Amino acid sequence: MGAGRFIAAGIAAGAVTAFARRKLGEKVADGGLGGASLWTRTNHRGEPISLLEGPAVTAGLVAGAAVSGGRAPGASAFATAAAGAFGLVDDLAEDTSVRTKGLKGHLGALLEGRLTTGGLKVLGISGSALVAAAVGTRRTGSAFGHLVDVGLNGALIGGTANLINLFDLRPGRALKAGTAASLPFMLGGAGAATGAVLGAAAAAAPGDLGEQDMLGDGGANALGALVGSQIAFGTSRAVRWTALAGVVGLMLASEKVSFSKVIAGNEWLNKADMLGRRPVEPAPVVEPTSGPVASPGA
């Protein structure tokens, strides 16, 4: 990995993310793009928060991937853009009256013949991930081995896109998760992608940690797709199989276990999760009511 490519990817991703967020904000403030109501959600505190970070980060990551060089920059940029686009459709067009959540819920709806926006996202990201893998995977052996590699890489890109999205439940968490997942692979064949991840995360972090913006499915899926592409196109087959096993294991665990509870219950994970965030407000103290106290036998 050349230091120049790493720096260029970071600068491009950070600059495009900041520029896109500012321009999108101006456009929405003027009543464009559907107006502020379309892009506003309620966060875990019950406060309004903007989804505009998502498309801005997607644009930054695509720009960073495109200039990163290394292996398959075009395929990485395509996978990132597609994941961001399908995620954004789910963000803006989801039918909130029907509570279909999680990968299991959306796949179940598909089996029943119902196509939710989440189901469309699953199909779209999976399909685009396979296309990116088919374009970006180098053939190093037999035709069958190449097909296996394409399937492995496609699953890794699509799976990581979904996994990072599962962390977008608290301020800055998905950005931290994506950065932490990218850093171990920065010395591989697609290591300059880490520069893109760091650049986009640095530009988006103030708004995200300040609880003004959120990645949403669009931004988190795009971030995960680029990290998945980095692993798919820049590591050995053994590393890719190991990474995919970890991704699948965490996704299956998420159907049964709350990541937020696990993080809150671990001292070091909780410290990392709270880094840069507003303090958690303590629950209100309920004063005991006055009056006679019933005896144990009453």
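Preceding this section is the structure that the text describes.
Keep in mind it's a predicted model, so treat the numbers as computed, not measured. (Residues numbered from 1 in each chain as written. Predicted model: local features only at pLDDT ≥ 70, side-chain atom pairs only at ≥ 80, totals over all residues. Heavy atoms only, no water.)

## A short note on a nonpolar patch on the surface
On the surface, a cluster of nonpolar side chains totalling about 340 Å² of accessible area is made up of V89, L115, L120 and L123. Examined against the element boundaries, L120 turns out to sit in helix α5 (residues 117-136). Note on L120: relative accessible area 34%, which makes it partly exposed. (Patch = residues over 30% accessible without salt bridge, like charges linked within 9 Å, V, L, I, M, F, W, Y side chains within 5 Å. Areas by Shrake-Rupley, 256 points an atom, 1.4 Å probe, with all protein chains shown as cover. Salt bridge = Lys/Arg side-chain N within 4 Å of Asp/Glu carboxyl O. Helix = DSSP H or I, 4+ residues; strand = E, 2+ residues; numbered from the N terminus. Buried < 20%, exposed > 50% of the residue type's maximum accessible area, 1.4 Å probe, protein only.)

## Quick notes on the nonpolar core
Looking at soluble globular proteins, one finds that nonpolar side chains tend to be buried together. By size, the foremost hydrophobic cluster in this structure holds 47 residues, and its most contacted members are L61, L156, I157, L175, L215, L223 and L226. In terms of residues, this core owes the most to one element, helix α9 (residues 216-234), which gives 9 residues. With residues near it in sequence (within four places) discarded, L61 still touches T80, A196, V197, A200, A222, L223 and L226. (Core = buried A, V, L, I, M, F, W, Y, C linked by side-chain atoms within 4.5 Å. Contact = heavy atoms within 4.5 Å.)

## Observations concerning the side chain of E211
Here E211 lies in the loop between α8 (192-209) and α9. What makes E211 buried here is its relative accessible area of 4%. In terms of polar contacts, E211 uses its side chain to reach the side chain of N43, at 3.3 Å. Within the local environment of E211, its side chain forms a polar contact with the side chain of R45, the two groups lying 2.7 Å apart. Beyond its immediate chain neighbours, meaning those up to four positions away, E211 contacts N43, H44, R45, E47, P48, I49, P171 and R278. (Polar contact = N/O pair within 3.5 Å; in protein donor to acceptor, adjacent residues only side chain to side chain.)

## So, α5
Taking 1.5 Å as the rise per residue, α5 with 20 residues should run 28 Å; its terminal C-alpha atoms sit 28 Å apart, in good agreement. Turning to α5, its buried residues number three or more, namely T117, G118, G119, K121, V122, G124, I125, S128, A129, A132, A133 and G136. (Expected span 1.5 Å × (residues − 1).)

## Regarding the packing of helix α3 (residues 73-93) against α9
The contact between α3 and α9 brings their axes to 7 Å, and the two run at 155 degrees. In this view, α3 runs roughly antiparallel relative to α9, as classed from their interaxial angle. Here α3 runs over α9; the crossing is right-handed. Across from A75, S76, A79, T80, A83, G84, G87, L88, D90 and D91 in α3, the residues of α9 making contact are G216, D217, G218, N221, A222, A225, L226, S229 and F233. (Axes fitted to C-alpha atoms, helices over the stretch in contact; angles between N-to-C directions. Parallel < 35°, antiparallel > 145°, perpendicular 65-115°, else oblique. Left-handed = near helix turned anticlockwise from the far one by under 90°.)

## A closer look at helix α10 (residues 237-254)
With 18 residues, α10 should cover 26 Å at 1.5 Å per step; its first-to-last C-alpha distance of 26 Å lies within 8% of that length. All of the buried residues in α10 are R240, A243, L244, V247 and M251. Seen along its axis, α10 keeps its buried residues to an arc of 100 degrees; they face one direction. Those residues of α10 that are exposed and aimed more than 90 degrees away from the buried face are A238, T242 and L252. (Arc of directions from axis to C-beta.)

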